Amino acid sequence: MAEKYSAPPTPIDFASAKSSVRDKTLIDNLEAFYTSSSPDAEVYEWSADEKAAKLEQIEEAKGRLAFTQEMIEETDAELDFMKTNRVGRDTSVSDMKEAYPDVAEETEKELEERKWFKDAIQ
């Protein structure tokens, strides 16, 4: 965008405007105003504090992006695992224990402690 507006604007073709507009004095007044005015160029420069704040925000965003990418990879891996270890009518309890050892361990613990309805909705 800076490259686009670095050069001065192209001149306005007032002659073509005069041929298409009924009120020629209006175009003459606009042309006189355009040629007589020369506003100073406005340049905005960032302060060091603003630059530092923006760079800090960019670094934080990069960190969040890396974390999100890591979460996506972990989720994809877990989805692949779940797809390969689908549970159905032909799945035995030993297959479940082998595929999901954490669930098997929790179930065994609940049985030993006789917590039959621990996860039941009441």
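This structure is a prediction, so every number in the text was calculated from the model and none was measured.

### Notes on the overall build of the chain
Now for step 1: In terms of helices and strands, the chain carries five helices and zero strands.
Now for step 2: Relative to its length of 122 residues, the chain is extended, with a C-alpha radius of gyration of 36 Å against a globular reference of 14 Å.
Now for step 3: Expressed along its principal axes, the backbone C-alpha trace of the chain runs to roughly 100 × 40 × 35 Å.
Now for step 4: Among the 122 residues that make up the chain, the fraction classed as buried is 5%.
Now for step 5: In the form shown here, the chain has an accessible surface area of approximately 11800 Å², with 56% of it arising from carbon and sulfur atoms.

### Notes on a negative patch on the surface
Now for step 1: Negative charge collects at one region of the surface, where E70, E73, E74, D76, E78 and D80 lie side by side.
Now for step 2: With respect to the helices, strands and loops of the structure, E73 is situated in helix α3 (residues 48-84).
Now for step 3: A residue is classified by how much of its surface remains accessible, and E73, at 57% relative accessible area, is exposed.

### Quick notes on a nonpolar patch on the surface
Now for step 1: A surface patch of nonpolar side chains, about 260 Å² in accessible area, is lined by L79, F81 and M82.
Now for step 2: Summarising the element assignment, L79 is placed in helix α3.
Now for step 3: Look at L79 and you get partly exposed, because its relative accessible area is 41%.

### Re unusual backbone geometry
Now for step 1: Positive phi, normally seen in glycine, also occurs at R114, with a value near 55°.
Now for step 2: Within the secondary structure, R114 is located in the segment after α5 (101-112).
Now for step 3: R114 gets classed as exposed once you look at its relative accessible area, which sits at 62%.

### Some thoughts on the environment of K24
Now for step 1: Among the structural elements, K24 can be located in helix α2 (residues 24-36).
Now for step 2: Given a relative accessible area of 38%, K24 falls into the partly exposed group.
Now for step 3: Excluding its chain neighbours within four sequence positions, the residues that come into contact with K24 are K18 and S19.
Now for step 4: Separated by 2.4 Å, the side chain of K24 and the backbone oxygen of K18 make a polar contact.

### Description of the environment of E113
Now for step 1: Checked against the element boundaries, E113 lands in the segment after α5.
Now for step 2: With a relative accessible area of 41%, E113 lands in the partly exposed category.
Now for step 3: Within the structure, E113 has its side chain in polar contact with the side chain of K115 (distance 3.2 Å).

Calculation criteria
- Position numbers for residues start from 1 in each chain and track the written sequence from start to end.
- Note on the predicted model: pLDDT of at least 70 is required for a residue's local features to be given, and 80 or more for side-chain atom pairs to be given and counted; whole-chain, interface and lining totals, by contrast, use all residues.
- With hydrogens and water set aside, each side-chain value is computed from the structure's full complement of heavy atoms.
- Helical segments are the DSSP runs of H or I of at least four residues, strand segments are the runs of E of at least two, and each set is numbered from the N terminus.
- Between the two quantities, the radius of gyration covers C-alpha atoms and the globule rule is 2.2 Å times the number of residues to the power 0.38.
- When a residue's accessible area, from a 1.4 Å probe over protein chains only, is under 20% of the maximum for its type it is buried; when over 50% it is exposed; and in between it is partly exposed.
- Accessible areas in this description were obtained via Shrake-Rupley with a 1.4 Å probe; residue shielding takes into account the shown protein chains only.
- Only residues whose relative accessible area exceeds 30% and that form no salt bridge enter a patch; like-charged residues are grouped when within 9 Å of one another, and nonpolar side chains (Val, Leu, Ile, Met, Phe, Trp, Tyr) when within 5 Å.
- What counts as a salt bridge is simple: a side-chain nitrogen of Lys or Arg found within 4 Å of a carboxyl oxygen of Asp or Glu.
- All tallies of charge rest on Lys and Arg as positive and Asp and Glu as negative; His and the ends of each chain are not included.
- To locate a charge, take NZ of a lysine, CZ of an arginine, CG of an aspartate or CD of a glutamate.
- Residue contacts follow a heavy-atom distance rule, with two residues in contact if any of their heavy atoms lie within 4.5 Å.
- Counting of polar contacts relies on pairs of N or O atoms within 3.5 Å, with two restrictions inside protein: one atom must be capable of donating a hydrogen and the other of accepting it, and residues adjacent in sequence are counted only when both atoms are side-chain atoms.

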